[in-house]
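So the chains spell out like this:
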Amino acid sequence: MSSTADEIIDRRRLRKKLTFWRVVAILIAAIAIIAASARLFGDRIGGVASDHIAKVRIEGTIFEDDELLDRLAKIAESERVKGVIIAVDSPGGTTAGGEALFEAIREIAETKPVTAQVGTLAASAGYLVASATDHIVARQSSIVGSIGVLVQFPEFTGLMEKIGIGIEEIKSSPLKAEPSPFNETTEAERAMIRGMILDAYDWFVGLVEERRPLNRSEVLVVADGSVFTGRQALEKKLVDSLGGEKAAIKWLESKGVDPELEVLEWKEKNGVNLFENLGSANSLAIWLGLASETDDVIERLGVDRLFLDGLVSVWHPKSLSSE
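If you're wondering where the values come from, they're calculated on a predicted model, not measured in any experiment. (Residues numbered from 1 in each chain as written. Predicted model: local features only at pLDDT ≥ 70, side-chain atom pairs only at ≥ 80, totals over all residues. Heavy atoms only, no water.)

### Structural notes on the overall build of the protein
Then step 1. Helices and strands together make up the secondary structure of the protein, namely 11 helices and 10 strands.
Then step 2. Buried positions account for 37% of the 323 residues belonging to the protein.
Then step 3. Partitioning the intrachain contacts of the protein with sequence separation of at least 6 by distance along the chain shows that 73% fall at a separation of at least 24.
Then step 4. Per element, the accessible surface of the protein, about 19100 Å² overall, is 56% carbon and sulfur. (Helix = DSSP H or I, 4+ residues; strand = E, 2+ residues; numbered from the N terminus. Buried < 20%, exposed > 50% of the residue type's maximum accessible area, 1.4 Å probe, protein only. Contact = heavy atoms within 4.5 Å. Areas by Shrake-Rupley, 256 points an atom, 1.4 Å probe, with all protein chains shown as cover.)

Given below as structure tokens:
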């Protein structure tokens, strides 16, 4: 009888010990998950646990992107960000979009050292964005430049004449809604658009003059729309050094940033949810196995460049054959 009672007591003690260690194991696992989540995703929500170098990619056609601007603002506010690398790989985009990014990067630069690291391309508004940083690193074979502004619009009058379509319009003044693809462009319309372009071009040149070690006459020499290799751009003072991310980190080190700090990429918060976004072109392509979650199908097709409203600073559209 005594033996049975002892066995019952021993089993209860063993059960209590097992329960205790199970709770301890669960707590350890929970702490590990929280720590890993903070490390992997804390930078994306403005709460990273350790000092680091923030990296932001600006790729493809540039638009006014509220999410990206908000991300840059959080980087400016974060005490954990000790330096910033802006990785640029863009042919340009809307001039207003480039202006917004320029201003956001300058706000970061008020409190933290910021460098640009050019990949394949930093042209037009892409170069405008890079010039907002305090140091530009480019590959020897990067394409840099294309400083300028343009407006492009189609003209369908010949086609309309062939298929027998005419347009009737009543408007308050001759230049309202002009230039239009439905009638021939007049000299007055060209003069209006030319005036806008030259004013925006003057603004663009002024920013490059302000940000680069060049006087206005020197900027105007390289601001004829030409593009340059990274080597040529270094010679013309459009970039400061050649290399990749290591060269960017080396410059940050010269500004007092610990080169041993981890480089954490601040990415867009919202990923692709197939079930919520099955109707979107991206999600459908992912579901069919035609693209990955990092691909932008619209951009890959070059369709985004058909909808660039307003003044545009963009180099040649990216072709599918070049990828």
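### Considering the packing of helix H2 (residues 66-77) against helix H3 (residues 95-109)
Then step 1. Between H2 and H3, the shortest axis-to-axis distance is 8 Å and the interhelical angle comes to 10 degrees. Considering their axes alone, H2 and H3 lie roughly parallel with respect to each other. Between H2 and H3, the contacting residues are Leu68, Leu69, Leu72, Ile75 and Ala76 on the first element and Ala100, Leu101, Ala104, Ile105 and Ile108 on the second.
Then step 2. By residue class, the composition of the contact of H2 with H3 is 10 nonpolar, no polar and no charged. (Axes fitted to C-alpha atoms, helices over the stretch in contact; angles between N-to-C directions. Parallel < 35°, antiparallel > 145°, perpendicular 65-115°, else oblique. Nonpolar A, V, L, I, M, F, W, Y, C, P; charged D, E, K, R; others polar.)

### Quick notes on helix H6 (residues 187-211)
Then step 1. Spanning 25 residues, H6 covers 36 Å between terminal C-alpha atoms, matching the ideal 36 Å at 1.5 Å per step.
Then step 2. Every buried residue belonging to H6 is among Glu189, Ile193, Ile197, Ala200, Phe204, Val205, Leu207, Val208 and Arg211, and all of these are buried.
Then step 3. Looking at the buried residues of H6, the elements they touch are H3, helix H4 (125-131), helix H7 (216-222) and strand E10 (312-314). (Expected span 1.5 Å × (residues − 1).)

### A few points about the pattern of salt bridges
Then step 1. A full pass over the atoms with the stated rule returns 14 salt bridges.
Then step 2. Note that Asp134 is salt-bridged to Arg106, the shortest N-O span being 3.0 Å. Here Asp134 is found in the loop between H4 and strand E5 (136-138), whereas its partner Arg106 is found in helix H3, with 28 residues between them in sequence.
Then step 3. Asp134 gets classed as partly exposed once you look at its relative accessible area, which sits at 33%.
Then step 4. Judged by relative accessible area, which is 22%, Arg106 ranks as partly exposed.
Then step 5. Across the pair Arg216 and Glu209 runs a salt bridge, and its minimum N-O distance is 3.3 Å. (Salt bridge = Lys/Arg side-chain N within 4 Å of Asp/Glu carboxyl O.)

### Some points on a negative patch on the surface
Then step 1. There is a patch of like negative charges on the surface, built from Glu64, Asp65, Asp66, Glu99, Glu103, Glu107, Glu110 and Glu268.
Then step 2. Looking at the negative patch element by element, the count peaks at three residues for H3.
Then step 3. The residue Glu110 is located in the loop between H3 and strand E4 (114-123) in this model.
Then step 4. A relative accessible area of 66% places Glu110 in the exposed class. (Patch = residues over 30% accessible without salt bridge, like charges linked within 9 Å, V, L, I, M, F, W, Y side chains within 5 Å. Lys, Arg positive; Asp, Glu negative; His and termini not counted. Charge placed at Lys NZ, Arg CZ, Asp CG, Glu CD.)

### Notes on the environment of Gly126
Then step 1. Take Gly126: it is sitting in helix H4.
Then step 2. The sequence separation of Gly126 and Gly92 amounts to 34 residues, and the corresponding C-alpha distance is 4.4 Å.
Then step 3. Discounting residues that sit within four places of it in the chain, Gly126 has contacts with Ile62, Val88, Ser90 and Gly92.

### Considering the nonpolar core
Then step 1. Within the largest apolar cluster, 48 residues are counted, with the highest numbers of intra-cluster contacts made by Ile58, Leu72, Ile75, Ile86, Ile105, Val129 and Leu238.
Then step 2. Among the elements that take part in this core, H6 stands out by supplying seven residues, more than any other.
Then step 3. When near neighbours in sequence (up to four residues on either side) are disregarded, Leu238 contacts Tyr127, Ile136, Ile147, Arg212, Leu214, Val222, Phe228 and Ala233.
Then step 4. Within the second largest apolar cluster, nine residues are counted, among which are Ile53, Ile85, Ala248 and Leu252. (Core = buried A, V, L, I, M, F, W, Y, C linked by side-chain atoms within 4.5 Å.)

### Comments concerning the confidence of the model for the protein
Then step 1. In the predicted model, the protein carries a mean pLDDT of 82, and the fraction of residues at 70 or more is 72%.
Then step 2. Contacts from residues 42-46, a stretch scored under 50 in pLDDT, to residues over four places away or in other chains number 12 contacts.
Then step 3. Scored below 50 in pLDDT, residues 271-281 makes 12 contacts in the model with residues more than four places away or belonging to other chains. (pLDDT = per-residue confidence, 0-100.)

### Quick word on the packing of aromatic side chains
Then step 1. Inspection of the entire model under this criterion finds two aromatic pairs.
Then step 2. Centre to centre, the rings of Phe156 and Phe182 are 6.3 Å apart; their planes meet at 50 degrees, and the pair counts as tilted. Residue Phe156 is found in the loop between strand E6 (143-145) and helix H5 (157-163), and its partner Phe182 is found in the loop between H5 and H6; the two are separated by 26 residues along the sequence.
Then step 3. Accessibility expressed as a relative area gives 35% for Phe156, which makes it partly exposed.
Then step 4. Centroid distance Trp203 to Phe204: 6.5 Å. Interplanar angle 50 degrees. Geometry classified as tilted.
Then step 5. Since its relative accessible area comes to 28%, Trp203 is described here as partly exposed. (Phe/Tyr/Trp six-rings, centres within 6.5 Å; stacked < 30°, edge-to-face > 60°.)

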